[in-house]
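Understanding the architecture of this molecule
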Amino acid sequence: MELVLILVCCFALLFVVEVFLGGALPGESSIQAGCHGLKMGRMGMGQFFGQALPLAMAGIGLPMSLQHHWAILLVVLAGVSHLVVCRIMKAC
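Residues numbered from 1 in each chain as written. Predicted model: local features only at pLDDT ≥ 70, side-chain atom pairs only at ≥ 80, totals over all residues. Heavy atoms only, no water.

Counting its regular elements, the protein contains 4 helices and 0 strands. Here the protein holds 92 residues, and 25% of them are scored as buried. Put simply, of all contacts in the protein between residues at least 6 apart along the chain, 59% involve residues at least 24 apart. Surface exposure of the protein reaches about 6,500 Å², of which carbon and sulfur atoms provide 73%. (Helix = DSSP H or I, 4+ residues; strand = E, 2+ residues; numbered from the N terminus. Buried < 20%, exposed > 50% of the residue type's maximum accessible area, 1.4 Å probe, protein only. Contact = heavy atoms within 4.5 Å. Areas by Shrake-Rupley, 256 points an atom, 1.4 Å probe, with all protein chains shown as cover.)

Spelled out as structure tokens, the structure:
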């Protein structure tokens, strides 16, 4: 139960940082390397629920599923979230 609470807190913090605070700031090396085509700033709700959250859920759920078998549901929910938000609702 504590693990689920920790995951919920992590995803909530990811939501606040990406949607409301504007995401992580680029480092000086990425600016000098020519990564000027990246869109900086706040992420939209559709982008967050269609791209960032499914990627985070799958990235955490896949290795965690080796120890906790219920964690494979995170990977399944990540795929469903991406399909619904990006393909059906076309919000990405």
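Bringing the side chain of S65 into the picture now. Among the secondary structure elements, S65 is positioned in the loop between α3 (45-64) and α4 (72-88). Setting aside residues up to four positions removed in sequence, S65 forms contacts with A71 and I72.

Between two packed helices, both the angle of their axes relative to each other and the distance between the axes serve to describe the pair. The N-to-C vectors of helix α1 (residues 2-20) and α3 enclose an angle of 145°; their axes lie 11 Å apart at closest approach. When you trace α1 past α3, the crossing you get is right-handed. Two secondary-structure elements touch here, α1 through L3, L7, F11, L14, F15, E18 and V19 and α3 through M45, F48, F49, A52, L53, A56, M57, I60 and M64. The residue makeup of the contact of α1 with α3, split by class, is 15 nonpolar, no polar and 1 charged. (Axes fitted to C-alpha atoms, helices over the stretch in contact; angles between N-to-C directions. Left-handed = near helix turned anticlockwise from the far one by under 90°. Nonpolar A, V, L, I, M, F, W, Y, C, P; charged D, E, K, R; others polar.)

Below, the discussion takes up α4. End to end, α4 covers 23 Å across 17 residues, agreeing with the expected 24 Å (1.5 Å per residue, within 8%). Within the span of α4, buried status applies to L74, A78, S81, V85 and C86. For α4, the angular spread of buried residues about the axis comes to 90°, placing them on one side. Those residues of α4 that are exposed and angled more than 90 degrees off the buried face are L73, R87 and I88. On its buried face, α4 is in contact with α1 and α3. Two residues or fewer after α4 comes K90, characterised by a positive phi angle close to 55°. (Expected span 1.5 Å × (residues − 1). Arc of directions from axis to C-beta.)

With that out of the way, let us pick up the confidence of the model for the protein. On average, residues of the protein score 85 in pLDDT, and 82% of them reach the 70 mark or higher. When pLDDT is averaged over each element of the protein, α4 comes out on top at 93 and helix α2 (residues 28-32) at the bottom at 53. (pLDDT = per-residue confidence, 0-100.)

Nonpolar side chains collect at one region of the surface, where V4, V8, L62, W70, I72, L73, V76, L77, V80, V84, I88 and M89 lie side by side and expose about 1,100 Å² of accessible area between them. Looking at the nonpolar patch, the elements with two or more residues in it are α1 and α4. Broken down by element, the residue count for the nonpolar patch peaks at 7 residues, all from α4. In this fold, V76 is placed in helix α4. Exposure remark for V76: the relative accessible area of 46% places this residue in the partly exposed category. (Patch = residues over 30% accessible without salt bridge, like charges linked within 9 Å, V, L, I, M, F, W, Y side chains within 5 Å. Salt bridge = Lys/Arg side-chain N within 4 Å of Asp/Glu carboxyl O.)

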